[in-house]
Amino acid sequence: MSQIHSSMKKILALLGFILAVQLTAWAQGPSFNFSSAVKNTDEEVCIKVTVKDFTDITSLKFPIFWDSTILEFKEVRPTAELPGLDVSDFDPSRSKSGLLFLNWSPGACNSTNSITKNDGVTIFEVCFKVIGKYGQASSVGLSEDRDFIGDIDPIIIGRFNGSGNCVSIGYNRESIVGDVAVGVRPIRLFASEASGSSGEIVFINVRVSGFDKLTSFQFSMNYDTTLLEFNNVLPLENLTNLSSSSFGRPNDPAGNIDKGNLTVSWSFVESQGITLPDSTAIFQVFFKIIGPCGSDAASVVFSDVPTRKEAINTVREGEIIPIIGQTTYVNISPCDPPGLKLAVNCGVPVQINQEVCVKITAPEGISTINTLNFLTEWNANTLQFVQIKNFNSKIPGFAESFFNKANVANGVLGLNWVAPGTTSATLNPGETLFEVCFKAVGLSGTLSPTDSILEAPVQLNRNTAVITRRGSVLNIGLAPRNCEVQIIQPAGVRIVLSAGNGKPGDEICTDVTVGNFKDVIDLQFS
């Protein structure tokens, strides 16, 4: 994802308000998506390159990269989907360094030579011989590394603009980078994106795929400390033995994890290992947005620093399995974002097991709204859904039947209200639309022993929201102001185990830290 200067973000937001959906799709660059594969040493593998949003394209110039110690280039195979594309359009002169260059154009700049392809069409394949060892993996995709490539502008995509001119556009940086893993399916780490305003706490879900018969893994996450402040990490219940002690956090009392880093180390000694379905969420990370409104997106990256990415399964014990992480972003809202202004009011701090009702309000009121379609999200490990109540009668026909409660156990409540007939909703500033009630169940062993409050965010998802006004089909969007339910932690003795990192066979010592350890005469635990 490209990071856009804050002033440009405002301009793009206004353009998105004005332009039709078709024009927005046309304006973005095409995607070039690379397939992935698992192959053994000495086998051949061909990676398919497919396109998306490939509209009126007149030329392509880009480099393809891979790890030449794992893959040996053999050939490129055009598919005849692009007029005139053949092997002469590819330059393999630096293939021993892991680079292949494409430079293609069907001819002069005119409407006849502007090419449009359906999404998913394969335009060529790149074939390799696998020379790496078991457990290694190489990414295959486009590269913008100007220093390595030796080109100040390595990627140029030409498009016919309909006025007799060809213009240079970018490509979609969310294009899929493929990978070839040797002998074993790699573990992939995905994190959801998050959006919020300065001062808000947001969370990302970390999911896995390729989790086949694993007995251990470890990796690091890095975040931008100028824009984000670490708040908390909560393991979910989907992975046996993943607990608070599995994480090294920048607010640990021992202070051995620097700001900007989070480490994860998990193991489970069992003869068959553990297998999880692809896309299983295993934990959530909470950040407080400290960057000013309108800042660039803050990146969150899976990395080898300070803890190297490694995993082991029961198929070939002792062999390292590759871990491939996909970067995600926390998007920081502009100072005055477009869209319907709604606010979440979490109320005063509550005790464990106490019910709390969160109000969804309209600070500036709403006028002639006839569609409200958005998600309310929270961490189901900290807040347990109870009910929805107090439906505002100024919203015609508004009732519980417009809410989708199928995923409340996972922390998602859907709303899809459409005004009946020619009616619409108009509310005064500050009025409440509805309330969602929860039971506060959050206990956090991941905080330092001196912490007494667990902050449990409740958020309106702006990314999937659809809001329309009477007489228009334009989605005006949602500009929420979210909040956190503050759960007062019990006053009992709190015990926190620090994280430890190491390879199988290493000896690891971890600190046991206590809080509220007063007048204790007996203690036992497992």
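You'll find the structure just up there.
About the criteria used
Residues numbered from 1 in each chain as written. Predicted model: local features only at pLDDT ≥ 70, side-chain atom pairs only at ≥ 80, totals over all residues. Heavy atoms only, no water. Helix = DSSP H or I, 4+ residues; strand = E, 2+ residues; numbered from the N terminus. Buried < 20%, exposed > 50% of the residue type's maximum accessible area, 1.4 Å probe, protein only. Contact = heavy atoms within 4.5 Å. Disulfide = S-S within 2.5 Å. Pairing = 2+ DSSP bridges. Axes fitted to C-alpha atoms, helices over the stretch in contact; angles between N-to-C directions. Salt bridge = Lys/Arg side-chain N within 4 Å of Asp/Glu carboxyl O.

Let's shift gears to the side chain of Thr-58. Mapped onto the fold, Thr-58 is located in strand β4 (residues 54-65). Thr-58 sits in the buried class, given a relative accessible area of 5%. Ignoring any residue separated from it by four or fewer positions in sequence, one finds Thr-58 in contact with Trp-104, Ser-105, Pro-106, Asn-113, Ser-114, Gly-158, Arg-159, Phe-160 and Cys-166.

Applying the stated criterion across every chain yields a total of five disulfides. Note on cysteine connectivity: Cys-293 is disulfide-linked to Cys-335, with sulfurs 2.0 Å apart. Taking the torsion about the S-S bond as the criterion, the Cys-293 to Cys-335 disulfide, at about 80 degrees, is right-handed. Pair noted here: Cys-293 is in the loop between β21 (280-289) and β22 (298-303) and Cys-335 is in the loop between β25 (328-332) and β26 (340-345), with a separation of 42 residues, a long-range link. Cys-335 sits in the partly exposed class, given a relative accessible area of 49%. For Cys-357, the disulfide goes to Cys-437, at an S-S distance of 2.1 Å. Around the S-S axis, the bridge from Cys-357 to Cys-437 shows a dihedral of about 100 degrees and counts as right-handed.

Once that is clear, we can look at the pairing of strand β37 (residues 483-488). As judged from the two bridges shared by strand β27 (residues 350-351) and β37, these two strands associate in the parallel manner. Bridge pairing in β37 links Val-350 to Ile-487. One ladder, built from six bridges, connects strand β35 (residues 453-469) with β37; its direction is antiparallel. When the bridges of β37 are listed, Ala-456 appears paired with Val-485.

Here the focus is the sheet that holds strand β30 (residues 383-389). Within a beta sheet, neighbouring strands are joined by backbone hydrogen bonds and run either parallel or antiparallel to one another. With mixed pairing, the five strands of this open sheet are ordered in space as β30-β34-β28-β26-β36. The open sheet terminates on both sides in strands that have one partner only, identified here as β30 and β36 (478-481). Geometrically, the sheet is characterised by an average inter-axis angle of 25 degrees between neighbouring strands, direction not taken into account. Where β26 and strand β28 (residues 355-362) come together, three bridges link them in antiparallel fashion.

On to the pattern of salt bridges, then. Under the defined criterion, the tally for this structure stands at 15 salt bridges. Between Lys-117 and Glu-81 there is a salt bridge; the shortest N-O distance is 3.1 Å. Taken together, the positions of Lys-117 in strand β8 (residues 115-117) and Glu-81 in the loop between β5 (71-78) and β6 (90-91) put the pair 36 residues apart, joining distant regions of the chain. On the accessibility criterion, Glu-81 (30% relative accessible area) is partly exposed.

It is worth spelling out the pairing of strand β12 (residues 166-169) at this point. In this sheet, β12 lies alongside strand β11 (residues 156-160) in antiparallel orientation, the contact comprising four bridges. If you follow Arg-159 over to β12, its bridge partner there is Val-167. The turn joining β11 and β12, which pair antiparallel and follow one another in sequence, is formed by five residues; a positive phi near 85 degrees is taken by Gly-162.

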